[in-house]
Amino acid sequence: MVKVTMLARVTDGLPLAEGLDDGRDVPDAEYYKQQIKALFKNLSKGQNEASRMSVESGPYIFHYIIEGRVCYLTMCDRAYPKKLAFQYLEDLKNEFERVNGSQIETAARPYAFIKFDTFMQKTKKLYQDTRTQRNIAKLNDELYEVHQIMTRNVQEVLGVGVVLDQVSQMSSRLTSESRIYADKARDLNRQALIRKWAPAAIVIGVVVLLFWVKTKIW
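The structure contained in this document is the topic of the report that follows. (Residues numbered from 1 in each chain as written. Predicted model: local features only at pLDDT ≥ 70, side-chain atom pairs only at ≥ 80, totals over all residues. Heavy atoms only, no water.)

1. Overview of the overall build of the protein chain
Next up, step 1: Looking only at helices and strands, the protein chain has 6 helices and 6 strands in total.
Next up, step 2: When its helices and strands are written in sequence order, the protein chain yields β-β-α-β-β-β-α-α-α-β-α-α.
Next up, step 3: Taking all contacts inside the protein chain whose residues are at least 6 apart in sequence as the whole, residues at least 24 apart take part in 67%.
Next up, step 4: As displayed, the protein chain has an accessible area near 13000 Å², and 58% of this comes from carbon and sulfur atoms. (Helix = DSSP H or I, 4+ residues; strand = E, 2+ residues; numbered from the N terminus. Contact = heavy atoms within 4.5 Å. Areas by Shrake-Rupley, 256 points an atom, 1.4 Å probe, with all protein chains shown as cover.)

Here you go:
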């Protein structure tokens, strides 16, 4: 299935649009979005000349096309048909160029075309189910071939250092969250012990006090 879709200007890596509901069902979605933004940054430096490429990352794969100074990228499950992913991107490209083509170079702020999300979400729904008659026909379309599109690993494209740094950041975040959870668990256990033994301690204290008072009086 299509999980995340992002558009960016190739000349400087500026994000132009993103699916507002994308990634909600993806564990560590932000981690993969950071990889996508790093890929956009690499493209802005001219480090990947291919206008079409697939990049593997964990259980997912990034597919992208570059047309008219814009990179159209989608992240899908590895099992999702490559041909459908690129046809989905072609549909986005055609509509984005038609509606926003003259404004791409003048965009000055990130996500200047966030309203394009409406078309992205509508189009994504058409491509989610690979078994529909429409998508089966697209898969059988011999005029649209993707066999020549190169597939690489994210470490190759971004560099091992960048990926390891992202993993390190995610690990640090998880460690920090684990410590917070552990501290909260200790506090809860302490409160539970107090609630459990406080009544008994009070009773024993009262008994000892009465016994002491009684011995003093006698």
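The discussion continues.
2. Concerning the sheet that holds strand β1 (residues 2–9)
Next up, step 1: The sheet built from 6 strands is open, its strands ordered β2-β1-β5-β4-β3-β6 with mixed pairing. Each edge of the sheet is formed by a strand with only one pairing partner; in this case those strands are β2 (15–18) and β6 (150–153). The average angle at which neighbouring strand axes cross in this sheet is 20°, direction not considered.
Next up, step 2: Here 7 bridges tie β1 to strand β5 (residues 70–77), and the two strands are oriented antiparallel to one another. For T5, the partnering residue across the bridge sits in β5 and is T74. (Pairing = 2+ DSSP bridges. Axes fitted to C-alpha atoms, helices over the stretch in contact; angles between N-to-C directions.)

3. Focus: the environment of Y72
Next up, step 1: Within the fold, Y72 resides in strand β5.
Next up, step 2: Its relative accessible area of 0% is what places Y72 among the buried residues.
Next up, step 3: A sequence separation of 32 residues divides Y72 from F40, and the C-alpha atoms of the two residues are 10.0 Å apart.
Next up, step 4: Ignoring anything within four residues of it in the chain, the contact list for Y72 reads M6, L7, H63, Y64, I65, E67, L89, L92, K93, F96 and E97. (Buried < 20%, exposed > 50% of the residue type's maximum accessible area, 1.4 Å probe, protein only.)

4. Details of the nonpolar core
Next up, step 1: L7, L16, Y72, L92, F96 and F116 are the most contacted members of the largest nonpolar core, which has 27 residues in total.
Next up, step 2: Taken together, the elements giving at least two residues each to this core come down to β1, β2, β5, α2 (82–100) and α3 (117–128).
Next up, step 3: Looking at this core, the element that brings in the most residues is α2, giving 7 residues.
Next up, step 4: Not counting residues up to four positions away in its chain, the partners in contact with L92 are T5, Y72, F116, F119, M120 and T123. (Core = buried A, V, L, I, M, F, W, Y, C linked by side-chain atoms within 4.5 Å.)

5. Looking at the pattern of salt bridges
Next up, step 1: Scanning the model with the defined rule gives 13 salt bridges in all.
Next up, step 2: The salt bridge partner of E156 is R152, with a shortest N-O separation of 3.8 Å.
Next up, step 3: One continuous salt-bridge network, built from bridges that share partners, spans R52, E67, E90, K93 and E97. (Salt bridge = Lys/Arg side-chain N within 4 Å of Asp/Glu carboxyl O.)

6. Looking at the packing of aromatic side chains
Next up, step 1: Going through the model one piece at a time under the given rule, you end up with 7 aromatic pairs.
Next up, step 2: Their ring planes at 85° and their centres at 5.3 Å tell us that F96 and F113 sit as a pair that is edge-to-face. You can see F96 sitting in helix α2 and its partner F113 sitting in the loop between α2 and α3, a full 17 residues away along the chain. In terms of burial, F96 and F113 fall into one category: buried.
Next up, step 3: Chaining the aromatic ring pairs together yields one cluster made of Y72, F96, F113, F116 and F119.
Next up, step 4: Across from the ring centre of Y127, 4.5 Å away, lies the NZ or CZ of R134, which sits over that ring. (Phe/Tyr/Trp six-rings, centres within 6.5 Å; stacked < 30°, edge-to-face > 60°. Lys NZ or Arg CZ within 6 Å of the ring centre and 35° of its normal.)

7. Points about the packing of α2 against α3
Next up, step 1: At a closest axis distance of 10 Å, the pairing of α2 and α3 adopts a crossing angle of 155°. Overall, the two elements α2 and α3 adopt an arrangement that is roughly antiparallel. The chirality of how α2 crosses α3 is right-handed. Along its contact with α2, which presents L84, Q87, Y88, D91, L92 and E95, the element α3 presents F119, M120, T123, K124 and Y127.
Next up, step 2: In the contact of α2 with α3, the residues fall into 6 nonpolar, 2 polar and 3 charged. (Parallel < 35°, antiparallel > 145°, perpendicular 65-115°, else oblique. Left-handed = near helix turned anticlockwise from the far one by under 90°. Nonpolar A, V, L, I, M, F, W, Y, C, P; charged D, E, K, R; others polar.)

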